[in-house]
Amino acid sequence: MSYVDSPAHGAVQLVFILAILVLALHVRQTLRTRAALRVALAESGPLHTTPLGEPAQFRPGVWVVRLSSSEAVFGRSRDEVMERAFQPRQIGLTA
């Protein structure tokens, strides 16, 4: 226990203890959030963890290539999915 010689000194110590407590709770929450994200990414499979443009086996007999963070191409073989992934695509409206 520390010595408190004035009310102001006691208030400063209480504020310091509260700041340490808030910081510790924030660090704990951050670590838990990172752990939950790590578990979610591990369970999501190759759809979110493979590099862009690399083929990966999604399930037996189903292959996937990620084109962006929100777009993927599926196929039944590695060659088929690579062909579909790198075909010229029409983006937007055509007249």
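These figures come from a predicted structure and were not determined experimentally.

Cut-offs applied
Residues numbered from 1 in each chain as written. Predicted model: local features only at pLDDT ≥ 70, side-chain atom pairs only at ≥ 80, totals over all residues. Heavy atoms only, no water. Core = buried A, V, L, I, M, F, W, Y, C linked by side-chain atoms within 4.5 Å. Buried < 20%, exposed > 50% of the residue type's maximum accessible area, 1.4 Å probe, protein only. Helix = DSSP H or I, 4+ residues; strand = E, 2+ residues; numbered from the N terminus. Contact = heavy atoms within 4.5 Å. Pairing = 2+ DSSP bridges. Axes fitted to C-alpha atoms, helices over the stretch in contact; angles between N-to-C directions. Salt bridge = Lys/Arg side-chain N within 4 Å of Asp/Glu carboxyl O.

### So, the nonpolar core
Membership of the largest hydrophobic core is limited to 5 residues, which are Trp63, Val65, Val73, Val81 and Ala85. Listed by contribution, the elements that provide at least two residues to this core are strand E2 (62–68) and helix H3 (78–85). The residues touching Val81, leaving out its near neighbours within four places in the chain, are Pro55, Trp63, Val64, Val65, Val73, Phe74 and Gly75.

### A word on the sheet that holds strand E3 (residues 71–75)
Strand order across the open sheet formed by 3 strands is E1-E2-E3, with antiparallel pairing between neighbours. Of all the strands in the sheet, just strand E1 (55–59) and E3 have a single pairing partner and so form its edges. Averaged over all adjacent pairs, the angle separating strand axes in this sheet is 35°, with direction ignored. Across 5 bridges, the pairing between E2 and E3 is antiparallel.

### Focus on the pattern of salt bridges
Summed over the entire model, instances satisfying the criterion amount to 1 salt bridge. Across the pair Arg84 and Glu80 runs a salt bridge whose closest N-O atoms are separated by 2.8 Å. Taken together, the residues Arg84 and Glu80, both in helix H3 and 4 residues apart, mark about one turn of the helix. Judged by its relative accessible area of 39%, Arg84 falls in the partly exposed class.

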